[in-house]
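# Architecture at a glance
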Amino acid sequence: MTSVAILLILLPTGLALGYHRYLGARATRRVSIEVACLSLDQIVDIGTKSSTSMVKRVVRRPQPYAAEDGAVEWRTQSKGGVMLYRVLPLPDYLGFRVESWATTVTIARMHRMQGSQDLLRRRRRTLEAIARAGLPVPPPAFVTAETAETVRA
């Protein structure tokens with residue numbers, strides 16, 4: 001019985017960590033598209049505008065800079081990590097290749113997991129309100145009857 005309970009607790013945690021690792025690996029994979037009929041300035045202008053958050057007010061757009069191999073690069077930072085964007089000219093100047101990938105991926109922080117703490121706080125306050133009303137309080141899971149009686153008092 002206890003091994004099943006431990007499995008039910010550890011399985012969702014393991015699945016969540018595995019899924020987070022998968023998303024981090026997918027974000028660090030380089031993705032590219034080829035663009036024709038646009039100038040380098042147009043591509044960089046569209047790229048810097050679209051790589052910033054539309055929801056949050058951005059004080060300044062990312063500044064592109066020239067890389068050693070003739071590419072134009074810019075970086076954006078968010079709570080999820082740092083993204084790198086590159087625009088490379090194609091051979092024979094038939095267009096440009098736009099690449100992007102995550103250079104760093106931030107691991108989930110504890111302050112993002114406050115939902116479970118809020119639920120526990122709400123449950124405790126509900127149980128306290130039931131006890132103040134004089135109704136019988138159900139004992140918490142994995143607590144003996146003696147402990148439940150001391151909590152209720």
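Residues numbered from 1 in each chain as written. Predicted model: local features only at pLDDT ≥ 70, side-chain atom pairs only at ≥ 80, totals over all residues. Heavy atoms only, no water.

### Quick word on the side chain of E99
We count it as follows: Every helix listed is a DSSP run of H or I at least four residues long, and every strand listed is a run of E at least two residues long, numbered separately from the N terminus. Only protein chains enter the area calculation, which uses a 1.4 Å probe; residues under 20% of their type maximum are buried, those over 50% are exposed, and those in between are partly exposed. In protein, a polar contact means a hydrogen-donor-capable atom and an acceptor-capable atom, both N or O and within 3.5 Å, with residues adjacent in sequence counting only if both atoms are side-chain atoms; elsewhere, any N or O pair within 3.5 Å suffices. In this description, contact between two residues means that some pair of their heavy atoms is separated by no more than 4.5 Å.
Along the chain, the position of E99 falls in strand 5 (residues 96-105). Since its relative accessible area comes to 8%, E99 is described here as buried. A polar side-chain atom of E99 sits 3.3 Å from a polar atom in the side chain of R30. Look past the residues within four positions of E99 in its chain and what remains in contact with it is R30, V31, S32, L84, Y85, R86 and L88.

### Examining the confidence of the model for the protein chain
What counts here: pLDDT runs from 0 to 100 and stands for how confident the predictor is about each residue.
Per-residue confidence for the protein chain gives a mean pLDDT of 75; residues scoring 70 or more make up 73%. The lowest-confidence element of the protein chain is helix 4 (residues 145-152), averaging 49 in pLDDT; the highest-confidence one is strand 1 (residues 31-35), averaging 90.

### Some remarks on the packing of aromatic side chains
Quick reminder of the rule: Each aromatic pair joins two rings of Phe, Tyr and Trp (for Trp, the six-membered one) with centres within 6.5 Å, and gets the label stacked for planes under 30 degrees apart, edge-to-face for over 60, and tilted for any other angle. Only lysine NZ and arginine CZ atoms are considered, and such an atom sits over a ring when it is within 6 Å of the ring centre and within 35 degrees of the ring normal.
Scanning all chains against the criterion turns up one aromatic pair. Taken together, a centroid distance of 5.5 Å and an interplanar angle of 15 degrees make the contact between W74 and Y85 stacked. Taken together, the residues span a long stretch of sequence, with W74 in strand 3 (residues 72-78) and Y85 in strand 4 (residues 81-89) at a distance of eleven residues. Here W74 falls in the buried class, since its relative accessible area comes to 1%. The exposure class assigned to Y85 is buried, which follows from its relative accessible area of 15%. The cationic tip of R30 hangs over the ring face of W101; the distance from NZ or CZ to the ring centre is 3.8 Å.

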